Amino acid sequence: MNTESKKVGARRAWLLALLTALACSSDTHVGCSPTLTCSLRPSRFAPPVTRDAGPSDCDATDRRCSAGDLSLGAQHACAVTDGSNLICWGDDSEGQRGKNLETVGALPDAGSYRNRFSHVLDRAQQVSAGAQHTCALQYTGSVNCFGLNADGQVTGELDPRAVEPPVRVHPLGEVLQLAAGAKHTCGRTADGVYCWGSNQYGQSGRALSDANPGPLLVPNTELVEEIACGVRHCCFRRAGKVACWGELIDAQGAPYVSTQPMPVEGLEGVLQIAAGAGHSCALQADGVMCWGLNDDGQLGDSSTLSSASPVRVRGIPVVVGYVAAGGGVMEGQLAGHSCAVDGVGQVWCWGRNAEGQLGRVVSADHLKPEVVQEYGATRDDLLDNISRVALGGTFSCALGSSGAVWCWGDDSFGQLGTEEEPEHERRTPVAGEALRVRRFGRMR
């Protein structure tokens, strides 16, 4: 080979090496096929190394993030973000919002506290808030709780002190789903439903004479597919049917206590359930059915008559995607409200509205569903694109399909998540209008 040919060959070799380097200079965990323009290094075909990156930017800073799960207590709210981080806001008088670095120092998973939002835990997949306590289900199947523990609803052991930071609940196997009532908590496992905390109304599923607040298996709850807990009772769904225990309503509309799950007659093909303040609701393919207390119109049948048997919610579209029940104890009496998401992502609410929890201007109770409007919306611009709703004691929130969150109702403790918002340019919102929690989701 002459000198010129050698020079040409050297240039070609150099060019090929350059192309190879450029083609494979991206993330070393991105795989590619073994061609001349891609390295054959074994690391190129290995799966990405799993690392705990810690809090995502939206949790460690003021940047927005997307909410994937949402739960409301009496006066606080919590959300699990798309980064599997648990963020809470609102009332923290009993530690139910979780402690933070400012108050407890650099504890594991304690997180940050910025603009009245607490970053509480990492690696969470579901959250369930009670009246003044909160529990989170982590990807390991373990449960961590924090907040008021006077009835053992956090740790399963009586302790008048608030529990903070979060502690793991023992003994529990792998939990599949959580549901927190006002003063008790339940977890669905492969063996059935375990409950701990208060049993004053039989809501923990054990004999009233049993003073042990620790986790106990509720009888006849094997193969349960879903659980829901209200203020003083719980329900489960199994094979399209529903059973409930705790403080229930008899045929005359009077309350009674059952420590054993009682079948709800007349319900078939149930797709999803919700439990609130003495009332429950079930989603079926052809609409929503509710039963229990109805003093505030929370059953949505245009009456205030309580019913042990499910009654159909009137005035809501037939196609419904989600139903929720809420409320709490008001002046010694249970008071409730309910909401549902229709097939086009609009929210409908009914029941008590003394605090604007129905997404309407504060008024008397609404005995049938009314659609929720966003703050500043025109008459034809309703809150839409919603996938789920979560109801608290006197306020409500909606989770958008894009991870955005809206809240409305009582804001005495900043539970609407808007205290640090700049002044609204158009006008000051009135109680009952849905406000965007700008910490979550992308701005439209």
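Structure shown above.
Residues numbered from 1 in each chain as written. Predicted model: local features only at pLDDT ≥ 70, side-chain atom pairs only at ≥ 80, totals over all residues. Heavy atoms only, no water.

Enquirer: What am I meant to see in the sheet that holds strand S18 (residues 272–275) here?
Expert: Sheets are built from strands paired through backbone hydrogen bonds, the pairs being either parallel or antiparallel. Taken in spatial order, the four strands line up as S18-S19-S20-S21 in an open sheet, and their pairing is antiparallel. Looking at which strands have only one partner, the edges of the open sheet turn out to be S18 and strand S21 (307–312). Between one strand axis and the next, the sheet turns through 20 degrees on average, direction left out of account. Two elements, strand S20 (residues 287–292) and S21, share three bridges in a ladder whose sense is antiparallel. Within S21, the position partnered with Gly-292 by the bridge is Ser-307. (Pairing = 2+ DSSP bridges. Helix = DSSP H or I, 4+ residues; strand = E, 2+ residues; numbered from the N terminus. Axes fitted to C-alpha atoms, helices over the stretch in contact; angles between N-to-C directions.)

Enquirer: Looking at this structure, I do not really get the pairing of strand S22 (residues 320–330). What am I missing?
Expert: The two faces of a sheet get side chains in turn, since along a regular strand they alternate between them. Burial analysis of S22 places nine of its eleven residues in the buried class, the great majority of the element. Across ten bridges, the pairing between S22 and strand S23 (residues 333–342) is antiparallel. Pairing of Gly-328 across the sheet is with Ala-335, part of S23. In sequence, S22 turns back onto S23 through a hairpin of two residues, with Glu-331 there showing a positive phi of about 55 degrees. (Buried < 20%, exposed > 50% of the residue type's maximum accessible area, 1.4 Å probe, protein only.)

Enquirer: What is the right way to read the side chain of His-279 from this model?
Expert: With respect to the element layout, His-279 can be found in strand S19 (residues 279–284). For His-279, a relative accessible area of 0% translates into the label buried. Those residues within four positions of His-279 in sequence are excluded, and the remaining contacts are His-233, Trp-291, Gly-292, Leu-293, Gln-298, Leu-299, Ala-325, Gly-326, Gly-336, His-337 and Ser-338. (Contact = heavy atoms within 4.5 Å.)

Enquirer: Can you walk me through the packing of aromatic side chains in this structure?
Expert: Pairs of aromatic rings are described using the distance from one ring centre to the other and the angle between the two planes. A complete count under the given rule lists four aromatic pairs for this structure. On the basis of an interplanar angle of 40 degrees and a centroid distance of 5.4 Å, the ring pair of Trp-89 and Phe-440 is categorised as tilted. Of this pair, Trp-89 sits in strand S3 (residues 86–90) while Phe-440 is found in the segment after strand S29 (435–437), placing the two residues 351 residues apart along the sequence. A relative accessible area of 0% places Phe-440 in the buried class. The interplanar angle of 75 degrees and the centroid separation of 6.2 Å between the aromatic rings of Phe-117 and Phe-440 together place this pair among those described as edge-to-face. With a gap of 323 residues between them, Phe-117 in strand S5 (residues 117–121) and Phe-440 in the segment after S29 connect regions that are remote in the sequence. Positioned over the ring face of Trp-406 is Arg-436, at 5.0 Å from the centre of the ring. Across from the ring centre of Phe-117, 5.4 Å away, lies the NZ or CZ of Arg-439, which sits over that ring. (Phe/Tyr/Trp six-rings, centres within 6.5 Å; stacked < 30°, edge-to-face > 60°. Lys NZ or Arg CZ within 6 Å of the ring centre and 35° of its normal.)

Enquirer: Explain the side chain of Asp-92 to me, please; I cannot follow it from the model alone.
Expert: Along the chain, the position of Asp-92 falls in the loop between S3 and helix H3 (101–104). What makes Asp-92 buried here is its relative accessible area of 18%.

Enquirer: Honestly, the nonpolar core in this entry has me stumped. Any pointers?
Expert: Core analysis: the biggest nonpolar cluster contains 20 residues, and Leu-70, Leu-72, Trp-89, Cys-397, Val-405 and Phe-440 have the highest contact counts within it. Looking at this core, the elements with two or more residues in it are strand S1 (67–72), strand S2 (76–81), S3, strand S27 (395–400), strand S28 (405–409) and S29. The contacts of Val-405, once residues within four sequence positions are left out, are Ala-67, Leu-70, Cys-397, Ala-398, Leu-399, Leu-435, Arg-436, Val-437 and Phe-440. Of all hydrophobic cores here, the second largest spans 17 residues; its members include Cys-339, Val-372, Ile-386 and Ala-404. (Core = buried A, V, L, I, M, F, W, Y, C linked by side-chain atoms within 4.5 Å.)

Enquirer: Hey, could you run me through the environment of Glu-226 in this one?
Expert: The residue Glu-226 is located in strand S14 (residues 226–229) in this model. A relative accessible area of 11% means that Glu-226 is categorised as buried. Taking the C-alpha atoms as reference points, Glu-226 and Phe-236, separated by ten residues in sequence, lie 5.5 Å from one another. In this view, Glu-226 contacts Gln-177, Arg-188, Cys-235, Phe-236, Arg-237, Leu-271, Gln-272 and Ile-273; residues no more than four positions away in its chain are not counted. A distance of 3.3 Å separates a polar atom in the side chain of Glu-226 from the backbone nitrogen of Ile-273. (Polar contact = N/O pair within 3.5 Å; in protein donor to acceptor, adjacent residues only side chain to side chain.)

Enquirer: What's the story with the pattern of salt bridges in this structure? I'm lost.
Expert: Two side chains of opposite charge can pair, provided their charged atoms sit close to one another. Tallying each qualifying case throughout the model produces nine salt bridges. With its nearest N and O atoms 4.0 Å apart, the salt bridge here joins Asp-92 to Arg-97. Assigned by exposure class, Asp-92 and Arg-97 land together as buried. Of the charged contacts, one joins Glu-247 and Arg-232 as a salt bridge, the two residues approaching to 3.2 Å between their closest N and O atoms. Residue Glu-247 is located in strand S16 (residues 241–249), and its partner Arg-232 is located in the loop between S14 and strand S15 (233–238); the two are separated by 15 residues in the primary sequence. Residue Glu-247 is classed as buried on the basis of its relative accessible area, which comes to 16%. (Salt bridge = Lys/Arg side-chain N within 4 Å of Asp/Glu carboxyl O.)

Enquirer: Hey, could you run me through unusual backbone geometry in this one?
Expert: With the exception of glycine, most residues fall at negative phi, and the peptide bonds are largely trans. A cis geometry characterises the amide bond from His-170 onward to Pro-171, with omega recorded as -15 degrees. Mapped onto the fold, Pro-171 is located in the loop between strand S9 (163–168) and strand S10 (175–180). At Arg-123, a position not held by glycine, the phi torsion is positive, near 60 degrees. Not every positive phi belongs to a glycine, and Glu-331 is a case in point at roughly 55 degrees. Within the element layout of this structure, Glu-331 appears in the loop between S22 and S23. Residue class for Glu-331 comes out exposed when judged on its relative accessible area of 84%.

Enquirer: Mind showing me how you'd approach the sheet that holds S16 here?
Expert: With antiparallel pairing, the four strands of this open sheet are ordered in space as S14-S15-S16-S17. Of all the strands in the sheet, just S14 and strand S17 (255–263) have a single pairing partner and so form its edges. Neighbouring strand axes in the sheet, compared pairwise and without regard to direction, differ in orientation by 15 degrees on average. Note that S14 and S15 share four bridges and pair antiparallel. Directly across from Cys-229, in S15, lies its bridge partner Cys-234.

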